Amino acid sequence: MKSKNIIHQVFKRWLSYLVVGVVFGSLTIGGVQAEETQYPKELRIGFQKYGTLIILKAKGALDKRLAEKGVSVKWSEFAFGPPLLEAINVGSIDVGTTGESPPIFAQAAGADIVYIGNEPPAPKGEGLIVLKDSPIKKVSDLKGKKIAVAKGSNANYLLVRLLENAGLKFTDVEVVYLTPADARSAFETKAVDAWTIWDPFYAAAEKQLGARLLADGSNAVSNYQFYLASRTYAEKYPEVIGILLDEIGKIDQWGKQNPDEVAKFIAPLIGIDLASVDLAAKRLSYGVKPVNAAVLESQQKIADKFFELKLVPKKVQVSDASWSPPSKK
């Protein structure tokens, strides 16, 4: 009887060890699983017909790096910023690049986007131009004239600032909102008197049409290039955002070190002649970095101006779209 009790006690002790071991093991496994990085099946990127992302797409380094983590990359081209950000808003893409104004219009429309990075200022990368035989010699001569611009684009804000600098109100001119392709046609046929546009379309108009510059962004705008993402995607997959920005940084470094190669690389990708792309490439800026408080403050001034002019329906608080990657433990 005594031996049976001993066996029973040994069995109970062994069983308790087994239970504790299983529980401890499951907690350990659970802890490891919780610490493992989660990756999505896909990263959907919106890009425009120019800039760092088109080089990144062509070189394929990002696709290869993410493929090693089971993430595929889908690239979608957009004519300009506003439709790209609308695509982020409706969930068609996850990240993309635009100029200064589109994020403000997107926020005003309720898009839940975040700023994940920016390139340095490039004020000479956009301008207000006229045809070479135009009688218009300076910005103040545009009073009462028709000016083409893409609504909500970075050039939209450039036009606002250049008119102000010339002593004109936004209402002193007739603004014709057109996409870059339609604006080029209207410009060539003299359906409009001037065109506010960004590179490479700006450079192409200079080289191909002999367009004359009235004023670029110098002493008027910063012309930041921003990388933006869906807040949901950025918060759920910060590691993917980090990899994206790291690869963009590598392209930026290559661009800095090989300025003469940038145009040669981009020209065949976008179908614009080498001379035009070379001119545009010389006005590019390189060096992606996190969006800091000073940049957000610059964006806030743009947002306030657009609200003042009733170009956006409500006041926009730019800081609502700020984002920082989670700190590593």
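Residues numbered from 1 in each chain as written. Predicted model: local features only at pLDDT ≥ 70, side-chain atom pairs only at ≥ 80, totals over all residues. Heavy atoms only, no water.

Student: Tell me about the sheet that holds strand β5 (residues 126–130), and name the residues and values.
Tutor: In spatial order, the strands read β7-β6-β8-β5-β9; together these five strands make up an open sheet with mixed pairing. Two strands bound the open sheet, and with one partner strand each, they are β7 (174–177) and β9 (212–216). On average, adjacent strands in this sheet sit at an angle of 30 degrees to one another, irrespective of strand direction. On the sheet, helix α7 (residues 180–188) packs against β5, β6 (146–149) and β8 (194–198) and is oriented at approximately 145 degrees with respect to β8. The strands touched by helix α8 (residues 201–209) are β5, β8 and β9; relative to β8, the strand with the most contacts, the crossing angle is about 130 degrees. (Pairing = 2+ DSSP bridges. Helix = DSSP H or I, 4+ residues; strand = E, 2+ residues; numbered from the N terminus. Axes fitted to C-alpha atoms, helices over the stretch in contact; angles between N-to-C directions. Contact = heavy atoms within 4.5 Å.)

Student: Give a detailed account of empty space enclosed by the protein, specifying residues and quantitative values.
Tutor: Considering all chains together, one arrives at two cavities of 30 Å³ or more under this definition. Contributing to the lining of the largest cavity are 29 residues, with Tyr 50, Trp 198, Asp 199, Gln 225 and Leu 284 lying nearest its centre. Here the second largest cavity defines a volume of roughly 30 Å³. What lines the second largest cavity is simply Ile 45, Leu 53, Val 95, Gly 96, Ile 116, Tyr 227, Leu 228, Leu 244 and Ile 248. Taken together, the elements giving at least two residues each to the lining of the second largest cavity come down to β3 (95–98), β10 (226–230) and α10 (238–257). Residues belonging to the lining of the second largest cavity are distributed by class as follows: eight nonpolar, one polar and no charged. (1 Å grid on protein atoms, 1.4 Å probe; cavity = no way out; pocket = protein on both sides within 12 Å on 5 of 7 lines; lining within 4 Å. Points joined across faces, edges and corners; volume = space filled by probe spheres on them. Nonpolar A, V, L, I, M, F, W, Y, C, P; charged D, E, K, R; others polar.)

Student: So, the packing of aromatic side chains: which residues are in play, and what are the values?
Tutor: A full pass over the atoms with the stated rule returns nine aromatic pairs. Between Trp 198 and Phe 201, the ring centres sit 6.0 Å apart and the planes meet at 85 degrees, which makes this aromatic pair edge-to-face. Taking the relative accessible area as the measure of exposure, Phe 201 reaches 19% and is therefore buried. Seen in terms of ring centroids, Trp 254 and Phe 265 are 5.8 Å apart; in terms of plane orientation they differ by 70 degrees. Their pairing is edge-to-face. One end of the pair, Trp 254, is in helix α10; the other, Phe 265, is in helix α11 (residues 259–270), with eleven residues separating them in the sequence. Judged by its relative accessible area of 25%, Phe 265 is partly exposed. Of the aromatic side chains, those joined through ring pairs into one cluster are Phe 105, Tyr 157 and Phe 306. (Phe/Tyr/Trp six-rings, centres within 6.5 Å; stacked < 30°, edge-to-face > 60°. Buried < 20%, exposed > 50% of the residue type's maximum accessible area, 1.4 Å probe, protein only.)

Student: Tell me what's going on with the sheet that holds strand β4 (residues 113–118), and back it up with residues and numbers.
Tutor: The pairing of strands in a sheet comes from backbone hydrogen bonds and takes either a parallel or an antiparallel form. Read across the open sheet, the five strands follow the order β2-β1-β3-β10-β4; overall the sheet is mixed. Only two strands of the sheet have a single partner each, and these edge strands are β2 (72–77) and β4. Along the sheet, successive strands turn relative to each other by an average axial angle of 25 degrees, direction set aside. α10 rests against β1 (42–47), β3, β4 and β10 of the sheet, and its axis sits at about 30 degrees to β4.

Student: Would you mind going over the pattern of salt bridges in detail, with residue names and values included?
Tutor: Summed over the entire model, instances satisfying the criterion amount to 19 salt bridges. Two residues, Lys 264 and Glu 261, come together in a salt bridge whose shortest N-O distance is 4.0 Å. Placement of both Lys 264 and Glu 261 in helix α11 is noted, with a separation of three residues, approximately one turn of the helix. Beyond isolated ion pairs, a larger network of salt bridges with shared partners links Arg 65, Asp 246, Glu 247 and Lys 250. (Salt bridge = Lys/Arg side-chain N within 4 Å of Asp/Glu carboxyl O.)

Student: So, the environment of Ile 241: which residues are in play, and what are the values?
Tutor: Inspection of the secondary structure assignment puts Ile 241 in helix α10. For Ile 241, a relative accessible area of 0% corresponds to the buried category. Remark: the alpha-carbon pair of Ile 241 and Gly 117, spanning 124 residues in sequence, is separated by 9.8 Å.

Student: How would you sum up the confidence of the model for the chain? Please name residues and give values.
Tutor: Mean pLDDT over the chain stands at 90; residues scoring 70 or higher make up 88%. Note on residues 1–35: pLDDT under 50 across the span, and zero contacts to partners over four residues away in sequence or across chains. (pLDDT = per-residue confidence, 0-100.)

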